[in-house]
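Spelled out, the chains give:
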Amino acid sequence: QVQLVESGGGLVQAGGSLRLSCAASGRSFSNSAMGWFRQAPGKEREFVAAISWSGGATYADSVKGRFTISRDNAKNTVYLQMNSLKPEDTAVYFCAAGLWGSRGLDQSGNYDYWGQGTQVTVAS
């Protein structure tokens, strides 16, 4: 079966960095879009970053310049490097894969598979 498993979350101080990983199994996602979303307590899920099958990246304004999404197709893995973290970045971060996605990658409805999430907490 298809699975996406996030790792790398944890507790960091404001201004620190974390690198999240999302390992996919069950099928190759080399030709799919991959994305990161996050959800804080009491808030709706929001888009963070996405990368197309060809490597083009898109970021939410709130993280642009601080976060970098990348992928290693040979490992069927996508990464999110998070620098200059702020308390408002605190959330559960979810990895997602879209089988057909090349457009609207900031929309959660365009993704077909989701990971279980990993907690990121940024202390002030």
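Since this is a predicted model, take the numbers as computed values, not measurements.

Concerning unusual backbone geometry
Phi is positive for Asn-76, which is not a glycine, with a value near 55°. Residue placement: Asn-76 occurs in the loop between strand 7 (67-72) and strand 8 (77-82). Residue Asn-76 is classed as buried on the basis of its relative accessible area, which comes to 17%. Phi angles above zero are rare outside glycine, and Ser-84 is one such case at about 50°. Locating Ser-84 in the fold gives a position in the loop between strand 8 and strand 9 (91-98).

Quick notes on the sheet that holds strand 3 (residues 18-25)
Pairing between sheet strands relies on hydrogen bonds along the backbone, with the strands arranged either parallel or antiparallel. Strand order across the open sheet formed by 4 strands is 1-3-8-7, with antiparallel pairing between neighbours. Of all the strands in the sheet, the pair left with one neighbour each is strand 1 (3-7) and strand 7. Along the sheet, successive strands turn relative to each other by an average axial angle of 15°, direction set aside. Of the pairings in the sheet, the one linking strand 1 to strand 3 comprises 5 bridges and is antiparallel in character. Counterpart to Val-5 in the pairing with strand 3 is Ala-23.

About the cut-offs
Residues numbered from 1 in each chain as written. Predicted model: local features only at pLDDT ≥ 70, side-chain atom pairs only at ≥ 80, totals over all residues. Heavy atoms only, no water. Helix = DSSP H or I, 4+ residues; strand = E, 2+ residues; numbered from the N terminus. Buried < 20%, exposed > 50% of the residue type's maximum accessible area, 1.4 Å probe, protein only. Pairing = 2+ DSSP bridges. Axes fitted to C-alpha atoms, helices over the stretch in contact; angles between N-to-C directions.

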